[in-house]
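Listed below, chain by chain, are the residues.
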Amino acid sequence: DNPSASNKPNAIKLPSINTSDLKLRDLRSLRQADHVYCGSKAANLGQINANIKTANVPDGFCIPFGYYQQFLQQLGIDSAYLQHMEASFQGNNRARRAGLLALQEKIQAAPVPQAWQDAWGAQWQNQLQGLGVFVRSSSNSEDLPNFSGAGLYTTVPNVRSGTDLAAAVRKVWASVYNFEAWEARQAAGIDDAQ
């Protein structure tokens, strides 16, 4: 655990997630309970779509947390890595910016397993007929009771190819470590090593 986060009076504990299920989920089928797979933003959109027939919720699908976790594990990015990284900053914002940028570049440069790309591409083609899509975040550190995270993570608009889809997913995943997002979570008492 990160002692500095847990000592903050209003530290926010992240919701539990389920990383064992890699099933791609149609946004229309998501309900509030699915936040454990896909995050509150996606689950809320699915719930809105189910409850308000006149809502204009765009079609889409969720790539569950399990993919993200496995991807980071393959890169050796785990709680110990993040704790070591934060300790190396020692309050130095310039070092923090450089370290976070290097981490983002590492994530964006790493290849996505071909089987994942094939599964995502098939879902996109079957469900959305390959139309341009927006790739956006729905992490477990946004849309929380005391922390919104709105605008902190990258959205990649108008993705139109399978190769671009994999790159867009990596870019969104990497945006979890942009400086503003990191600082906002630290200020809210969110422990990134959870």
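Participant: Is there a simple way to explain the packing of helix 7 (residues 114–128) against helix 8 (residues 162–174) in this structure?
Facilitator: The relative placement of two packed helices is expressed as an angle between their axes plus a distance between the axes. Following both chains from N to C, one finds helix 7 and helix 8 inclined at 110°, their axes separated by 10 Å at the closest point. With respect to helix 8, the axis of helix 7 lies roughly perpendicular. Along its contact with helix 7, which presents W116, Q117, W120, G121 and W124, the element helix 8 presents G162, L165, A166, V169 and W173. Considering only residue class, the contact of helix 7 with helix 8 consists of seven nonpolar, three polar and no charged.

Participant: Explain helix 9 (residues 179–188) here, please?
Facilitator: Every α-helix carries 3.6 residues per turn, so stepping three or four residues along brings you back to the same face. Listing the buried residues of helix 9 in full gives F179, A181, W182, R185, Q186 and A188. Those residues of helix 9 hidden inside the fold are in contact with helix 5 (79–89) and helix 6 (93–109). Of the residues flanking the end of helix 9, it is G189, one or two places downstream, whose phi is positive at about 85°.

Participant: Could you clarify how one ought to interpret the environment of Y81 in this entry?
Facilitator: Structurally, Y81 can be placed in helix 5. Linking Y81 and C38, residues 43 residues apart in sequence, is a C-alpha distance of 24 Å. Aside from chain neighbours lying at most four places away, what touches Y81 is G76, L103 and K106.

Participant: How should I be thinking about the nonpolar core in this particular structure?
Facilitator: Counting residues in each nonpolar core, the largest one holds 43 residues, and the members touching the most others are I107, W120, V135, L165, W173 and Y177. Sorting the residues of this core by element identifies helix 4 (65–74), helix 5, helix 6, helix 7, strand 3 (133–135), strand 4 (156–159), helix 8 and helix 9 as the ones contributing at least two each. Beyond its immediate sequence surroundings of up to four residues, V135 is in contact with T154, T155, V156, V159, L165, A168, V169 and V172. L27, L30, A42 and C62 belong to the second-largest nonpolar core, a separate cluster that totals seven residues.

Participant: Before we go on, may I ask you to explain the packing of helix 5 against helix 6 in this structure?
Facilitator: At a minimum axis distance of 8 Å, the contact between helix 5 and helix 6 shows a crossing angle of 150°. Put simply, helix 5 runs roughly antiparallel to helix 6. For the element pair helix 5 and helix 6, the recorded crossing hand is right-handed. Across the interface between the two elements, Y81, L82, M85, E86 and F89 of helix 5 pack against A95, R96, G99, L100, L103 and K106 of helix 6. Class assignment for the residues of the contact of helix 5 with helix 6 results in seven nonpolar, one polar and three charged.

Participant: Honestly, helix 8 in this entry has me stumped. Any pointers?
Facilitator: Between its first and last C-alpha, helix 8 extends 18 Å over 13 residues, near the 18 Å set by a 1.5 Å rise per residue. When we look at burial in helix 8, the residues that qualify are L165, A166, A168, V169, R170, V172, W173 and A174. Lining the buried residues of helix 8 we find helix 4, helix 6, helix 7, strand 3 and strand 4.

Participant: Would you mind going over the state of the cysteines with me for this structure?
Facilitator: Where two cysteines share a covalent bond between their sulfur atoms, that bond is called a disulfide. Taken as a whole, this structure holds one disulfide when the rule is applied. Disulfide pairing is shown between C38 and C62; the S-S distance is 2.0 Å. Judged by the sign of its S-S torsion, about -110°, the bond between C38 and C62 is left-handed. Of the two residues, C38 sits in helix 2 (residues 35–38) while C62 sits in strand 2 (residues 61–62), which places them 24 residues apart along the sequence. Relative accessible area serves as the criterion here: at 2%, C38 is assigned to the buried category. Relative accessible area serves as the criterion here: at 7%, C62 is assigned to the buried category.

About the criteria used
- Residues numbered from 1 in each chain as written.
- Predicted model: local features only at pLDDT ≥ 70, side-chain atom pairs only at ≥ 80, totals over all residues.
- Heavy atoms only, no water.
- Axes fitted to C-alpha atoms, helices over the stretch in contact; angles between N-to-C directions.
- Helix = DSSP H or I, 4+ residues; strand = E, 2+ residues; numbered from the N terminus.
- Parallel < 35°, antiparallel > 145°, perpendicular 65-115°, else oblique.
- Contact = heavy atoms within 4.5 Å.
- Nonpolar A, V, L, I, M, F, W, Y, C, P; charged D, E, K, R; others polar.
- Buried < 20%, exposed > 50% of the residue type's maximum accessible area, 1.4 Å probe, protein only.
- Core = buried A, V, L, I, M, F, W, Y, C linked by side-chain atoms within 4.5 Å.
- Left-handed = near helix turned anticlockwise from the far one by under 90°.
- Expected span 1.5 Å × (residues − 1).
- Disulfide = S-S within 2.5 Å.

No statement about biological role is implied by the geometric values presented.
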